[in-house]
Amino acid sequence: MVGLFATIVHMMIGFLLIQANWQPVMANLLAFTIAFVVSFIGHLGFSFADQEVSLSNALWKFALVALIGFAGNEVLLIVLLSVGNQTEVMSLWTSTGCIAFLTFALSKFWAFRGPAQPR
């Protein structure tokens, strides 16, 4: 639910900025930054709270995951904009939605993974 909420935040902020005549790539950057904060706080406090991971360890790993996701999002957005089959908003929503699944999986299985339990 946190990832879905952060994705919706990202998409809506991007939409509002594009409607305010921001360039889509810059709108995506600001929307990503805000959604990153929402996502990290939500995942740390709710989604993966039971993982017993340190804040600093989770933050650097999640930041790396988010930057990888953002790079993929920007590349996909630029490709979609250059093809021109979709509006700017639809291109943003498509790129953001596709990358959300990747970042959730990396977050769950790496960034917020707690220490290995002894057998």
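Details of the structure are given in the entry above.
Residues numbered from 1 in each chain as written. Predicted model: local features only at pLDDT ≥ 70, side-chain atom pairs only at ≥ 80, totals over all residues. Heavy atoms only, no water.

Asker: What exactly am I supposed to notice about the packing of aromatic side chains here?
Answerer: Aromatic rings in a pair are described by how distant their centres are and how their planes are angled relative to each other. What the rule picks out here adds up to 6 aromatic pairs. Ring geometry for Phe-15 and Trp-93: centres 6.0 Å apart, planes at 45 degrees, overall tilted. Of this pair, Phe-15 sits in helix H1 (residues 2-19) while Trp-93 is found in helix H4 (residues 88-111), placing the two residues 78 residues apart along the sequence. Take Phe-15: its relative accessible area is 26%, and that puts it in the partly exposed class. On the numbers, 6.3 Å between centres and 40 degrees between planes, the contact of Phe-32 with Phe-36 is tilted. Of the two residues, Phe-32 and Phe-36 both sit in helix H2 (residues 24-47), 4 residues apart, roughly one turn of that helix. Of the residues examined, Phe-32 reaches a relative accessible area of 15% and is grouped as buried. Taken together through their ring pairs, the aromatic side chains of Phe-32, Phe-36, Phe-40, Phe-62 and Phe-70 make up a single cluster. (Phe/Tyr/Trp six-rings, centres within 6.5 Å; stacked < 30°, edge-to-face > 60°. Helix = DSSP H or I, 4+ residues; strand = E, 2+ residues; numbered from the N terminus. Buried < 20%, exposed > 50% of the residue type's maximum accessible area, 1.4 Å probe, protein only.)

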